[in-house]
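Analysis of the macromolecular model
Chain residues, written in single-letter form:
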Amino acid sequence: MKFHRLRVAAACVAASAALLAAPANAQSASEIELARRLDQLAAELASVKAELARMQRERASATAAAAAASAPAAVAASPAVVASPVVASESQAQGSGIALGPSTVLTSYGEIHYNRPTHDSSKAVADLTRFVLGLQHRFDEKTKLVTELEVEHAVSSSSDPGEVEIEQAFIERQLARQWTLRAGLFLIPAGLLNENHEPTAFYGVERNFVETAIIPSTWREGGLQVVGSFDNGVTTQLGVTTGFDLTKWDATSNEGRESPLGAIHQELALAKARDLSVFGAVNWRGVPGLLVGGSVFTGGATHGQATTSSRVTLWDVHTRYTPGRWDLSALYSRGTISNTAAFNTPLVGSASLVPASFDGWYGQAAFRLWSRGDLSLAPFVRWEEFNTARSFASLGTGLTPDAAPTERVITVGANFNVGPGIVFKADYQRFRVSSDADRFNLGMGWSF
Amino acid sequence: MRLVLAGTTVAALAAAPASAFAVDYLSLEEAQRLMFPDADHFDSREIALDATQLQALDAQGIRGRSARWTVRIARHGDATLGVVVADAVIGKFELISYAVGIDGDGAIRQIEILSYRESHGGEIRLPAWRRQFVGKTQAAPLRVGDDIANISGATLSCTHVTEGVRRIVAVVALARRNGSLP
């Protein structure tokens with residue numbers, strides 16, 4: 001059919017050319033008539049060219065489709081901008097006319113730190129803190145895989161300090177307009193930082209203490225999660241996951257003092273899973289620039305391997321407000337571990353017993369002081385108070401450990417952003433209790 | 001306790017609308033009808049920016065990105081009500097498709113998100129966030145952290161869509177000045 005139309009058009013062109021080539025007739029070949037015929041010829045030529053172009057496009061599309069069938073994963077060269085503002089036909093959702101983009105995307109973030117204690121420069125360290133590669137693959141317009149592979153401290157071997165971790169590995173399926181299901185290893189929606197932990201997303205070289213010591217960022221569990229997003233600005237996240245393992249508490253180590261839940265998280269590495277946990281988070285963004293939310297996570301942590309059952313519960317409330325150049329945020333989080341007395345009794349005298357409660361809060365203010373093009377400078381100040389052993393269950397007079405002192409830290413510094421994907425940072429941290437830890441930090445990070 | 005909360009999750013799933021579909025929220029045709037309900041037809045027009053015009057955009061700090069744009073002109077009879085331009089930008093990792101409706105005086109009439117596929121940051125669909133653009137013209141900064149408030153957890157999506165809107169407003173203004181658009 002297409003070739004038939006092409007032949008007809010070509011015949012018209014030939015006929016017109018023949019007409020033009022015919023001997024001039026004094027009555028019919030006036031200048032006006034000649035111009036009309038030229039216009040007709042031009043239109044027919046344009047028609048033929050359009051038909052030819054359309055056929056070439058169809059042939060190219062068929063070739064591309066065949067190539068895509070044999071190699072469906074086209075890695076995006078750069079996620080910065082799309083090549084054309086016009087929706088690309090070869091990557092449209094079926095029937096929707098809307099671009100999907102590449103089906104497989106490579107992502108990365110990482111950060112390099114330099115920490116220099118101001119009272120003891122011999123403890124200064126430089127570290128490639130983390131390097132993360134992410135791979136996302138969209139199976140169809142409703143289903144995708146999200147993964148992140150992380151290397152901490154540059155080198156991982158039996159004689160090096162590094163670790164290799166899978167930070168995320170989950171399938172996400174859009175169930176309906178407002179509901180999404182996730183299954184696999186995903187980040188728990190707690191606080192402000194855990195799900196948004198890239199270096200370009202937070203102020204200061206190091207992540208804040210409350211969201212590392214109390215909320216053990218980057219905290220992930222394996223399980224199922226349902227996300228609901230509503231037009232009134234409310235986002236809800238509910239799920240059933242693996243939880244903590246109290247039986248791995250090492251009373252001879254200081255790790256539990258630094259982060260009680262960081263010491264007993266499982267990260268889906270042969271995780272004990274007799275006791276499952278549940279979580280819920282609600283965030284409201286109904287006013288532009290304002291976020292108010294909270295979360296709770298609770299679950300058994302002994303998995304039938306201790307004489308008594310213990311439950312770990314962690315909750316938080318948080319807010320962030322970004323009017324104009326300001327970026328203001330505050331968070332409070334509290335965790336509890338039940339029935340710790342029986343667990344601690346045989347450990348009396350050890351370096352660290354299991355706390356019954358731990359908590360912390362911070363307030364932070366940042367201001368975009370200067371910007372030019374894609375460069376911007378934002379000084380910030382953050383005040384934190386946290387206690388990783390706010391209380392212990394009573395073991396009797398003389399045996400119950402004293403609560404830990406509440407640490408207070410002020411951090412003053414600035415983020416210097418180069419576009420949305422690169423940040424350089426500098427700050428100074430002063431500790432009220434562990435004043436030996438006062439330090440100056442430099443850092444750089446990227447995310448795309 | 002575990003069973004009760006797990007049951008709640010299952011109930012929430014069951015309460016979801018039965019028809020499953022992708023994260024395409026609107027087609028362009030639906031979006032343009034929402035933006036210009038009084039229009040009785042839309043004419044599609046290709047506009048092409050020349051090198052001088054692209055340089056003019058660049059001088060405004062706007063990357064022209066493409067010389068060719070498809071603009072849909074909303075008409076009621078012979079009267080021109082405004083234009084609609086569809087575009088797509090990368091949010092954090094994936095494409096966000098959106099459309100901008102612009103009145104005859106160059107003021108933004110409406111922003112609609114056509115599709116969103118990121119795992120986080122879908123809140124840019126919120127009407128309250130999109131309403132910030134309404135009434136703004138090329139004279140407005142149209143920048144996140146300036147006259148457009150950010151959404152916590154969706155910074156890149158907000159930034160890139162806002163950049164895209166600023167570009168479209170500038171392109172339409174340029175096309176109107178040179179007579180390519182009514």
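What comes next is a walk through the structure. (Residues numbered from 1 in each chain as written. Chains lettered and ligands numbered in written order. Predicted model: local features only at pLDDT ≥ 70, side-chain atom pairs only at ≥ 80, totals over all residues. Heavy atoms only, no water.)

Some thoughts on the nonpolar core
One broad trend across soluble globular proteins is that nonpolar side chains are buried collectively. Of all hydrophobic cores here, the largest spans 38 residues; its most connected members are Val100(B), Ile108(B), Ile124(B), Trp129(B), Phe133(B), Val165(B) and Ile168(B). For this core, the secondary-structure elements that each account for two or more residues are β2 (68-76), β3 (79-90), β4 (95-103), β5 (108-116) and α5 (155-177) of chain B. The element best represented in this core is α5(B), accounting for 10 residues. Ignoring anything within four residues of it in the chain, the contact list for Val100(B) reads Met35(B), Val83(B), Val84(B), Val85(B), Ile108(B), Gln110(B), Ile111(B), Val165(B) and Ile168(B). Ile215(A), Ala301(A), Val354(A) and Val409(A) belong to the second largest nonpolar core, which has 34 residues in total. (Core = buried A, V, L, I, M, F, W, Y, C linked by side-chain atoms within 4.5 Å. Buried < 20%, exposed > 50% of the residue type's maximum accessible area, 1.4 Å probe, protein only. Helix = DSSP H or I, 4+ residues; strand = E, 2+ residues; numbered from the N terminus. Contact = heavy atoms within 4.5 Å.)

As for the layout of surface pockets
All names here are of chain A. The space that makes up the second largest pocket amounts to roughly 1,700 Å³. Along its surface, the second largest pocket is lined by 49 residues, and Phe209, Thr212, Ala213, Glu258 and Ser259 are the ones closest to its centre. Where the lining of the second largest pocket is concerned, the elements lending two or more residues are β1 (104-117), β2 (125-140), β3 (143-152), β4 (163-174), α3 (210-214), α4 (255-258) and β14 (375-391). Among the residues forming the lining of the second largest pocket, the class breakdown is 15 nonpolar, 14 polar and 20 charged. (1 Å grid on protein atoms, 1.4 Å probe; cavity = no way out; pocket = protein on both sides within 12 Å on 5 of 7 lines; lining within 4 Å. Points joined across faces, edges and corners; volume = space filled by probe spheres on them. Nonpolar A, V, L, I, M, F, W, Y, C, P; charged D, E, K, R; others polar.)

A few points about helix α3 (residues 51-59) of chain B
For an α-helix, 3.6 residues make a turn, and residues three or four places apart therefore share a direction. For α3(B), the capping residue at the N-terminal end is Asp50(B), with a side-chain oxygen 3.1 Å from the backbone nitrogen of Thr52(B). Downstream of α3(B) by a residue or two, Gly61(B) has a phi angle that is positive, lying close to 80°. (Polar contact = N/O pair within 3.5 Å; in protein donor to acceptor, adjacent residues only side chain to side chain.)

So, the pattern of salt bridges
Per the counting criterion, the structure on display carries 25 salt bridges over all chains. The residue Arg138(A) makes a salt bridge to Glu94(B) at a minimum N-O spacing of 3.0 Å. On the criterion of chain membership, the pair formed by Arg138(A) in strand β2 and Glu94(B) in the loop between β3 and β4 is interchain, its members lying in two chains. Both residues of the pair, Arg138(A) and Glu94(B), belong to the buried class. The residue Glu123(B) makes a salt bridge to Arg285(A) at a minimum N-O spacing of 3.1 Å. (Salt bridge = Lys/Arg side-chain N within 4 Å of Asp/Glu carboxyl O.)

Looking at a nonpolar patch on the surface
Residue and element names in this part refer to chain A. Nonpolar side chains collect at one region of the surface, where Leu106, Phe131, Leu133 and Leu135 lie side by side and expose about 320 Å² of accessible area between them. Looking at the nonpolar patch, the element that brings in the most residues is β2, giving 3 residues. Summarising the element assignment, leucine 135 is placed in strand β2. According to the relative accessible area criterion, leucine 135 is partly exposed, its value standing at 41%. (Patch = residues over 30% accessible without salt bridge, like charges linked within 9 Å, V, L, I, M, F, W, Y side chains within 5 Å. Areas by Shrake-Rupley, 256 points an atom, 1.4 Å probe, with all protein chains shown as cover.)

A few points about the sheet that holds β2(B)
All names here are of chain B. Spatial ordering of the open sheet is given by β1-β2-β3-β4-β5, a layout of 5 strands whose pairing is antiparallel. Either end of the sheet is taken by a strand with one partner, and the two such strands are β1 (41-48) and β5. Between one strand and the next, the sheet's axes are offset by a mean angle of 25°, whatever the strand orientation. Strand direction decides the pairing type here: β3 and β4, joined by 9 bridges, are antiparallel. Directly across from glycine 82, in β4, lies its bridge partner aspartate 103. Against the sheet, helix α2 (residues 28-35) touches β1, β2, β3, β4 and β5, its axis set at about 155° to β5. (Pairing = 2+ DSSP bridges. Axes fitted to C-alpha atoms, helices over the stretch in contact; angles between N-to-C directions.)

Considerations on α5(B)
The end-to-end C-alpha distance of α5(B), which contains 23 residues, comes to 33 Å, matching closely the 33 Å that a straight helix rising 1.5 Å per residue would cover. The element α5(B) is largely enclosed, with a buried count of 18 among its 23 residues. (Expected span 1.5 Å × (residues − 1).)

Details of empty space enclosed by the protein
Residues and elements named next belong to chain A. Inspection of every chain in the model, using the stated rule, returns 7 cavities of 30 Å³ or more. Residue lining of the largest cavity: 15 residues in total, with Ala190, Ser295, Val296, Phe297 and Leu314 positioned closest to the centre. Going through the elements one at a time, β8 (277-284), β9 (290-300) and β10 (311-321) are the ones with two or more residues in the lining of the largest cavity. Of the residues belonging to the lining of the largest cavity, the class tally is 11 nonpolar, 3 polar and 1 charged.

Topic: the side chain of His197(A)
Residues and elements named next belong to chain A. If you trace the backbone, histidine 197 turns up in the loop between β5 (179-187) and α3. Here tyrosine 109 takes part through its side chain, which lies 2.9 Å from a polar atom of the side chain of histidine 197. With residues near it in sequence (within four places) discarded, histidine 197 still touches Tyr109, Glu148, Glu167, Gln168, Leu187, Phe202, Arg207 and Thr218.

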